[in-house]
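Inside the fold
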Amino acid sequence: MILNTRYTVSKCLTLSRARFQSTNLHFYQNRKLEEYATKEAKRLSLRQLVFYGRFMSEERLIKSANYVRTELPVRIAHRIRDLQALPYAVVMQEDVAKVYELYWSAFEKFRMFPRIETLEDNESFCSFLRGLLDEHAVVIPNLSLGLSLASPHLPPDQLDAFMRRMLVSRISRRVLAEHHIALSDSVGRYQGTGKEEGHVGIICTGLNVEKSVRRCAALLHQLTHDSDKSKPSNTHHIQWPAVTIEGHIGAQFAYIREHLEYIIFELLKNAMQATISKHGQKTNPPGILVTLVAAPDSIGMRISDQGGGLLNPQIRSPSDLFSFSHVRNASRLEQNNLGPLRTASASPTGMRATVEELVSRWKDEWRQREDGASLKNDSELEPCVGRHPRLGIGLAMSNIFVRYFGGTLELVSLDGWGTDVYLRLPKLGTNLEGIEV
Ligand code: COI
């Protein structure tokens, strides 16, 4: 029965594939897919990635390349299977079908890529990976847009579980690819050590949490400062809340800096926006307090704001904010979420997960939206803050980043006062990647 459904769905997808690319999904290709999809992913821990990359030799680099070459198509095959198991109406949705296309194409390319034997082979493998990383930059906006639009066709639990698998798996593939590229680059540059100062591959071995919080806060403040400068002089200067850091200031651990800073940036941005929305243009809006804790096996962080809490009649539980389903999070079908997603899906750079890119996208859109506009009174401030360009998936994506290596993210609303966000990330690096990879 399941096989029949799958067969029907794959047939439909064949038609959809033909719409985007004039190739047919051949029986042989499906058999190959099955072969890979029956294999289990070889999940790794952060510690394994660090230990392996710490001492690099030509032989170890080539072994790493072949692991990535054979592991990624297995992970992609599982996700193609997931896509094939979606209801017809969902998988035929244009943006979902585009992702399906991209995955099939990547799967075939990996499958065909010859075994890596030499450093020259590895160089071409790395440029192949770089090309795919770029090509897949549109996956998240496409998936989010597609699944938002198709949300009425999927029960919320099914939709969220599907998105979790797609996104955790995507993070995992990008981590493996980017880590291998970084190891290859550093072997070239550092004559065989694989280790750049403070880094092994893409992992920062002594990531200072306080510095990351400061960096994100500074970027957010700089962003508002720049956008103020781009506004006409008669507009109000919005003073953004100050960020105070307390607790275990020296806390550090081995982690992927981009992941940590993506999460912190999003959480601070939400806290700042909520504070400005509640307190308007006060010269000194209440600040945001970040408390850091270095526990024996985890790094903890609490971000407390006075932005009024999560008083939103449409949200029944704070965790609904992590949901991609319109049933749990009605904003998924709102134009101000769909619009930016449409723009990002159509852009060749899609969405990249580094803070700088996030900020520059935010800045550009802020400028575009604010150009020529002037804020005349308090009542205009809230919509202006509300208009901050967002893809609307920052919190949901942060939760996915947190879960990838077994962390937790919890929001507690003190309705009428503010929100406390609790972030916990394992510190020992021994957790395997999420089961969903
Ligand atoms: C993705 O970004 O979705 C990927 O799968 C990247 C990988 C092909 C290198």
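Residues numbered from 1 in each chain as written. Predicted model: local features only at pLDDT ≥ 70, side-chain atom pairs only at ≥ 80, totals over all residues. Heavy atoms only, no water.

Considering the overall build of the protein
Across its full length, the protein carries 15 helices and nine strands. The buried share among the 437 residues of the protein stands at 55%. Sequence separation of 24 or more characterises 78% of the internal contacts of the protein that already satisfy a separation of 6 or more. Summed over its atoms, the accessible surface of the protein is roughly 19100 Å², and 54% of this surface lies on carbon and sulfur atoms. (Helix = DSSP H or I, 4+ residues; strand = E, 2+ residues; numbered from the N terminus. Buried < 20%, exposed > 50% of the residue type's maximum accessible area, 1.4 Å probe, protein only. Contact = heavy atoms within 4.5 Å. Areas by Shrake-Rupley, 256 points an atom, 1.4 Å probe, with all protein chains shown as cover.)

Let's talk about the packing of helix α11 (residues 257-279) against helix α15 (residues 394-404)
Direction vectors running N to C along α11 and α15 enclose 145 degrees, while the axes themselves pass 9 Å from each other. The way α11 lies across α15 gives a crossing that is left-handed. Counting all contacts with α11, which are made through His 259, Tyr 262, Ile 263, Glu 266, Leu 267 and Asn 270, the residues of α15 involved are Gly 394, Leu 395, Met 397, Ser 398, Phe 401, Val 402 and Tyr 404. Residues belonging to the contact of α11 with α15 are distributed by class as follows: eight nonpolar, four polar and one charged. (Axes fitted to C-alpha atoms, helices over the stretch in contact; angles between N-to-C directions. Left-handed = near helix turned anticlockwise from the far one by under 90°. Nonpolar A, V, L, I, M, F, W, Y, C, P; charged D, E, K, R; others polar.)

A look at the pattern of salt bridges
Summed over all chains, the structure comprises 19 salt bridges. Put simply, Glu 34 and Arg 81 hold a salt bridge, and the shortest N to O gap is 2.1 Å. One end of the pair, Glu 34, is in helix α2 (residues 27-37); the other, Arg 81, is in helix α4 (residues 58-84), and 47 residues separate them in sequence. Given a relative accessible area of 29%, Glu 34 falls into the partly exposed group. What makes Arg 81 buried here is its relative accessible area of 10%. In this structure, Arg 75 engages Glu 71 in a salt bridge whose closest nitrogen and oxygen atoms are separated by 2.7 Å. Taken together, the positions of Arg 75 and Glu 71, both in helix α4 and four residues apart, correspond to about one turn of that helix. There is no split in this pair, since Arg 75 and Glu 71 are both buried. (Salt bridge = Lys/Arg side-chain N within 4 Å of Asp/Glu carboxyl O.)

A word on the domain arrangement of the protein
Assigned domains of the protein: these are domain 1 (10-200) and domain 2 (203-426). A combined buried area of about 3000 Å² lies between domain 1 and domain 2, and 70% of that area is made up of carbon and sulfur atoms. In this structure, Asp 157 and Arg 328 form a salt bridge, with 2.4 Å as the shortest nitrogen-oxygen distance. The interface formed by domain 1 and domain 2 holds seven residue pairs in polar contact (both at pLDDT 80 or more) in total. (Domains from an automatic or database assignment. Buried area = accessible area lost by both parts, 1.4 Å probe. Polar contact = N/O pair within 3.5 Å; in protein donor to acceptor, adjacent residues only side chain to side chain.)

Some words on the site of the ligand
The immediate surroundings of the ligand are formed by Tyr 103, Phe 110, Leu 133, His 136, Arg 170, Arg 173, Arg 174 and Ala 177. One of the side-chain nitrogen or oxygen atoms of Arg 170 is found 3.2 Å away from an oxygen atom of the ligand. The contact in question runs from an oxygen atom of the ligand to an N or O atom on the side chain of Arg 174, over 2.5 Å. Here the ligand, which alone exposes 280 Å², has 100% of that area covered by the protein. Sorting the residues of the shell around the ligand by element identifies α6 (94-112) and α9 (156-189) as the ones contributing at least two each. Here the element with the most residues in the shell around the ligand is α9; it accounts for four residues. The class makeup of the residues in the shell around the ligand is four nonpolar, one polar and three charged. (Near = heavy atom within 4 Å.)

Overview of the packing of α4 against helix α7 (residues 119-135)
Where α4 contacts α7, the axes come no closer than 10 Å and their chain directions differ by 40 degrees. When the axes of α4 and α7 are compared, the pair comes out oblique. Classified by chirality, the crossing of α7 by α4 is left-handed. Contacts from Glu 58, Leu 61, Ile 62, Ala 65, Val 68 and Arg 69 of α4 reach α7 at Leu 119, Asn 122, Phe 125 and Leu 129. Partitioning the contact of α4 with α7 into residue classes produces seven nonpolar, one polar and two charged. (Parallel < 35°, antiparallel > 145°, perpendicular 65-115°, else oblique.)

Concerning the pairing of strand β8 (residues 408-414)
Regular strands place their side chains on alternate faces of the sheet. Where β8 and strand β9 (residues 418-426) come together, seven bridges link them in antiparallel fashion. Pairing of Leu 411 across the sheet is with Val 421, part of β9. A loop of three residues connects β8 with β9, the two strands running antiparallel in sequence, and Gly 416 in this loop sits at a positive phi of about 90 degrees. (Pairing = 2+ DSSP bridges.)

Quick word on the confidence of the model for the protein
The predicted model of the protein averages 82 in pLDDT, with 77% of residues at 70 or higher. Below a pLDDT of 50 lies the segment residues 1-9, which in the model reaches four contacts outside its immediate sequence neighbourhood of four places, other chains included. Ignoring residues within four places in sequence, the model shows residues 352-356, a span with pLDDT below 50, making 13 contacts including any to other chains. (pLDDT = per-residue confidence, 0-100.)

Remarks on the side chain of Asp 305
Tracing the chain through its elements places Asp 305 in the loop between β7 (298-304) and α12 (335-346). For the buried residue Asp 305, which engages in no salt bridge, the nearest side chain bearing the opposite charge is Lys 278, 9.6 Å off. Side-chain polar atoms of Asp 305 contact the backbone nitrogen of Gly 307, separated by 2.8 Å. Setting aside anything within four residues of it in sequence, one finds Asp 305 in contact with Ala 271, Thr 275, Ile 288, Trp 417, Gly 418 and Thr 419. (Lys, Arg positive; Asp, Glu negative; His and termini not counted.)

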